[in-house]
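Residues per chain, in single letters:
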Amino acid sequence: MIVLGARPQFVKSAPVIHELLKRRGLKLQLINSGQHYDYELSQIFFDQLKLPPHALNLQVGSGSHAIQTAKAMTRIEQAILKLKPALVLVPGDTNTTLAAALAAAKLTIPIGHIEAGARSFDMTMPEEINRRVTDHISTMLFAPTKNAEHNLQNEGIAAGRIFQVGDTMVDTLRTVLPTARESQKSLLEKMRLNKQDFLLVTAHRPGNVDNEEHLRGIVNALLRISETRRVVFPAHPRAMHNLRSRGFIRRIRRWSNISLTKPLGYVEMISLLDAASAVLTDSGGLQKEAYLLGVPCTTMRKSTEWPETILAQANRLVDANSQKIIRNVLDSRRTRTGMRLYDENPFSRGGASRRIVNTILSNPLFDP
Ligand code: UD1
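Keep in mind that what you see is a predicted model, and the values were worked out from it rather than measured.

Undergrad: Go over helix α11 (residues 237-245), please, and point to the residues and values.
TA: Taken together, the buried positions of α11 are occupied by Ala 239, Met 240, Asn 242 and Leu 243. Each buried residue of α11 lies within a common arc of 165° when the element is viewed along its axis, so the set occupies one face. More than 90 degrees from the buried face of α11, the exposed residues found are His 241, Arg 244 and Ser 245. Buried residues belonging to α11 abut α9 (206-209), α10 (212-225), β9 (230-234), α12 (248-254) and β10 (258-261). Immediately downstream of α11, the backbone of Gly 247 shows phi near 75°, a positive value.

Here it is as structure tokens:
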């Protein structure tokens, strides 16, 4: 069984799901928690990443952390009791990840955690709590990098439970990039963008978009940057809601140099990222994708779970302070590090999904 429900989980799981479906004699149940329910955050990813339909949608929806996690946990427990999986796979660090891991662990079902060992060391992030708890109750921990493996060892997790396999997002990106490049020209024309002549922006972390002062800092920086450069901002519903309720949206809309759009599908997002001169984000996954494609990244956070991107000088951390954002974004130059997707790099050149499935199938704790 694989349990997912939020946008980044679809991206991280897709190649693992495809790999599992290739193996004969293996039955896969895909459980969608329904944490994300808008077409742009959910179904479009099933379509573009060619995911099989879910066996169950638990329709958990939105709510406070406790409500969302508790709803997901009770419903996942029912699904596990009904479908009796030999293993529950949980990707990433969302509330769905935590709920599925807790439900499975209490029913003594082995758990495989995809993207184990990522740490920001910032316990104010809900994701940091989710991933720490998930790692400590998981049976097989699939670490994407050497650094993630060290983090797990430092927390006293037995070496026999840790498998450094590479990052499944590399597999997803390698699959999607050719399609994204095929449609790039027409997408750029449609959006009236020139290649390597625009800034791609995303922001959705509560610490940035729920906080009025931080959101103002980000908006002011974007207005300033847009005086000299096109800005494209596909906004997560949380960001859009706050931009609207705090009255920022009118200032942005007046500025024709900023395209504020709905969230984009994965193919469109990779297509734009690949063509952008730089990216400004608070996402975890986009930092890695920017690094792999050689696009300079500025991350609006105090910490990152991907220090490899900082060490490679492909990514810089700034807080939501206008001046710092402006300086860093205007400073960044394209291809400082070059594209790494097909070369040796800390996230691997691909194959993580195959290694994950091989590890599961040869592990004595997986006993269907
Ligand atoms: C969740 C994950 C985060 C991940 C992000 C990617 C947790 C704790 N956080 O954050 O790690 O980076 O997904 O997007 O699990 N909403 C909609 N439509 C939807 C879903 C949500 O409008 O389909 C709105 C609702 O107002 C909701 C808010 O977005 O209250 C936040 O959604 P939620 O699932 O709680 O967290 P994300 O911010 O999306």
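The rest of the description comes next.
Undergrad: Account for the pairing of β10, naming residues and giving values.
TA: Residues Ile 258 and Leu 260 of β10 are buried on one face, and the alternating residues Ser 259 and Thr 261, pointing to the opposite face, are buried as well. Examined bridge by bridge, β9 and β10 share four bridges and lie parallel to one another. When the sheet's bridge partners are listed, Phe 233 is paired in β10 with Leu 260.

Undergrad: An account of the side chain of Asp 93 is needed here, citing residue identities and associated values.
TA: Mapping Asp 93 onto the fold places it in the loop between β4 (88-91) and α4 (95-106). On the basis of relative accessibility, which here comes to 10%, the residue Asp 93 falls in the buried class. With residues up to four places along the chain from it excluded, the contact list for Asp 93 reads Glu 115, Glu 127, Asn 130 and Arg 131.

Undergrad: Summarise a nonpolar patch on the surface; cite the residues concerned and give the values.
TA: Residues Met 123, Ile 129 and Val 133 make up a contiguous nonpolar surface patch of roughly 230 Å² in combined accessible area. Mapped onto the elements of the fold, Val 133 is located in helix α5 (residues 126-137).

Undergrad: Go over the packing of aromatic side chains, please, and point to the residues and values.
TA: Each aromatic ring pair is characterised by the separation of its centres together with the angle its planes make. One pass over the structure, following the stated rule, counts six aromatic pairs. Their ring planes at 70° and their centres at 5.8 Å tell us that Trp 306 and Phe 347 sit as a pair that is edge-to-face. One end of the pair, Trp 306, is in the loop between β12 (297-300) and α15 (307-311); the other, Phe 347, is in the loop between α16 (322-331) and α17 (352-362), with 41 residues separating them in the sequence. As far as burial versus exposure is concerned, Trp 306 and Phe 347 are alike and both buried.

Undergrad: Could you give me a rundown of the site of the ligand, with the residues and numbers involved?
TA: The environment of the ligand is formed by 18 residues, the closest being His 36, Tyr 37, Asp 38, Asn 95 and Glu 127. A distance of 2.8 Å is found between an oxygen atom of the ligand and a backbone nitrogen or oxygen belonging to Asn 95. Burial of the ligand by the surrounding chains reaches 84%, relative to a free accessible area of 740 Å². When residues of the shell around the ligand are traced back to their parent elements, those giving at least two are α1 (7-22), α3 (65-83) and α11. Its residues assigned to classes, the shell around the ligand comprises four nonpolar, nine polar and five charged. Three or more residues apiece are contributed to the shell around the ligand by two domains, here domain 1 (2-166 + 351-362) and domain 2 (178-342).

Undergrad: Break down the sheet that holds β12 for me, citing the residues and quoting the values.
TA: Read from one edge of the open sheet, six strands run β10-β9-β8-β11-β12-β13, paired in parallel fashion. Of all the strands in the sheet, the pair left with one neighbour each is β10 and β13 (315-318). Across this sheet, the average inter-strand angle for adjacent strands is 20°, counted without regard to direction. Pairing of strand β8 (residues 198-201) with strand β11 (residues 278-281), which is carried by three bridges, proceeds in the parallel orientation. Note that in β11 the partner of Leu 199 across the bridge is Ala 278.

Undergrad: Run through the packing of helix α7 (residues 168-182) against helix α13 (residues 266-275), naming residues and quoting values.
TA: Orientation of α7 relative to α13, taken along the N-to-C sense of each, is 80°, at an axis distance of 9 Å. Here α7 lies roughly perpendicular to α13, going by the angle between them. Of α13, the residues touching α7 (which contributes Thr 172, Leu 173, Val 176, Leu 177, Thr 179, Ala 180 and Arg 181) are Tyr 266, Val 267, Ile 270, Ser 271 and Asp 274.

Undergrad: Let's hear about unusual backbone geometry: which residues, and what values?
TA: One non-glycine residue, Glu 115, lies in the positive phi region at around 80°. Counting through the fold element by element, Glu 115 comes out in the loop between β5 (111-114) and α5. You can call Glu 115 buried: its relative accessible area is 7%. Positive phi values are uncommon outside glycine, yet Gln 196 reaches one of about 55°.

Undergrad: Let's hear about the pairing of β4: which residues, and what values?
TA: Along β4, one buried face is formed by Val 88 and Val 90 and the opposite face, lined by Leu 89 and Pro 91, is buried too. One ladder, built from four bridges, connects β4 with β5; its direction is parallel. Looking at the pairing, Leu 89 lines up with Gly 112 of β5. With α4 bridging β4 and its parallel neighbour β5, the resulting β-α-β unit is right-handed.

Undergrad: So, the domain arrangement of the chain: which residues are in play, and what are the values?
TA: Looking at the chain, the domain boundaries give domain 1 (2-166 + 351-362) and domain 2 (178-342). Opposite the 21 residues of domain 1 that make contact, domain 2 presents 19 residues. Overall, the association of domain 1 and domain 2 removes approximately 1,600 Å² of surface from exposure, summing both partners, and the carbon and sulfur fraction of that is 56%. Broken down residue by residue, the surface that domain 1 buries against domain 2 is led by Arg 7, Glu 40 and Gln 48, which jointly contribute 27%. For the pair domain 1 and domain 2, the number of links is four salt bridges. The closest approach of N and O atoms between Glu 305 and Arg 131, which form a salt bridge, is 3.7 Å.

Criteria and thresholds
Residues numbered from 1 in each chain as written. Predicted model: local features only at pLDDT ≥ 70, side-chain atom pairs only at ≥ 80, totals over all residues. Heavy atoms only, no water. Buried < 20%, exposed > 50% of the residue type's maximum accessible area, 1.4 Å probe, protein only. Helix = DSSP H or I, 4+ residues; strand = E, 2+ residues; numbered from the N terminus. Arc of directions from axis to C-beta. Contact = heavy atoms within 4.5 Å. Pairing = 2+ DSSP bridges. Patch = residues over 30% accessible without salt bridge, like charges linked within 9 Å, V, L, I, M, F, W, Y side chains within 5 Å. Areas by Shrake-Rupley, 256 points an atom, 1.4 Å probe, with all protein chains shown as cover. Salt bridge = Lys/Arg side-chain N within 4 Å of Asp/Glu carboxyl O. Phe/Tyr/Trp six-rings, centres within 6.5 Å; stacked < 30°, edge-to-face > 60°. Near = heavy atom within 4 Å. Polar contact = N/O pair within 3.5 Å; in protein donor to acceptor, adjacent residues only side chain to side chain. Nonpolar A, V, L, I, M, F, W, Y, C, P; charged D, E, K, R; others polar. Domains from an automatic or database assignment. Axes fitted to C-alpha atoms, helices over the stretch in contact; angles between N-to-C directions. Parallel < 35°, antiparallel > 145°, perpendicular 65-115°, else oblique. Right-handed = clockwise from strand over helix to strand, strands pointing away. Buried area = accessible area lost by both parts, 1.4 Å probe.

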